[in-house]
Amino acid sequence: MAIPGGKYKEEARNHTTVWGSWRKDHQWGYKCCQQVTRNSYCTRTAGVKANAASHKKRRRKKPEANRFEDVEDFIGEYFSFANLLNA
C-alpha cells in the first residue's frame, strides 16, 4: 500500500520548508537545512552545522598588501612577464 504524500514534493524528502525559502551566496535552497541542492533529503540541524563548518574553511585569503617596494620593482616585474609572453 502506498503512503499518501503531501501537497508539495518537498514533504516527501522530509523538508519543513519549500525550495527557495533560503538564499546565500547567490544560491537558493531550503531554509530548514540550508541545502542548496534541489530535491535533496533534509538533514535538519546537522546540515546547518556542516554548512557553517565548510563555509569557514572556504573563506578567501586576503590579497597581498603590496609585494613591490616601489614603482621600479613593478615595472621590472611587468617587463619580465611581457618578455615571457613574447618569447
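Residues numbered from 1 in each chain as written. Predicted model: local features only at pLDDT ≥ 70, side-chain atom pairs only at ≥ 80, totals over all residues. Heavy atoms only, no water.

Looking at an unreviewed UniProt entry, one finds the protein named Pre-mRNA-splicing factor SLU7, with Papaver somniferum as its source organism. Per UniProt, the comment on the protein under Sequence similarities (unreviewed entry) is "Belongs to the SLU7 family." Taken verbatim from the UniProt record of the protein, the Function (unreviewed entry) comment is "Involved in pre-mRNA splicing." (UniProt positions renumbered as here; feature names shortened; annotations may be inferred.)

So, on to the packing of aromatic side chains. Scanning the entire structure with this criterion turns up 2 aromatic pairs. Arranged with centres 5.2 Å apart and planes meeting at 70°, the rings of Trp 19 and Tyr 30 form a pair that is edge-to-face. With Trp 19 in the segment before β1 (22–24) and Tyr 30 in the loop between β2 (27–29) and α1 (44–57), the pair connects residues that are 11 residues apart, well separated along the chain. The exposure class assigned to Tyr 30 is buried, which follows from its relative accessible area of 1%. With a centroid separation of 5.3 Å and an interplanar angle of 75°, the aromatic rings of Tyr 78 and Phe 79 are classed as edge-to-face. (Phe/Tyr/Trp six-rings, centres within 6.5 Å; stacked < 30°, edge-to-face > 60°. Helix = DSSP H or I, 4+ residues; strand = E, 2+ residues; numbered from the N terminus. Buried < 20%, exposed > 50% of the residue type's maximum accessible area, 1.4 Å probe, protein only.)

In this model, Asp 25 sits at a positive phi of 50°, which is unusual for a non-glycine residue. Tracing the backbone through its elements, the reader meets Asp 25 in the loop between β1 and β2. The phi dihedral of Arg 44 is positive, around 55°, even though this residue is not glycine. Tracing the backbone shows Arg 44 in helix α1.

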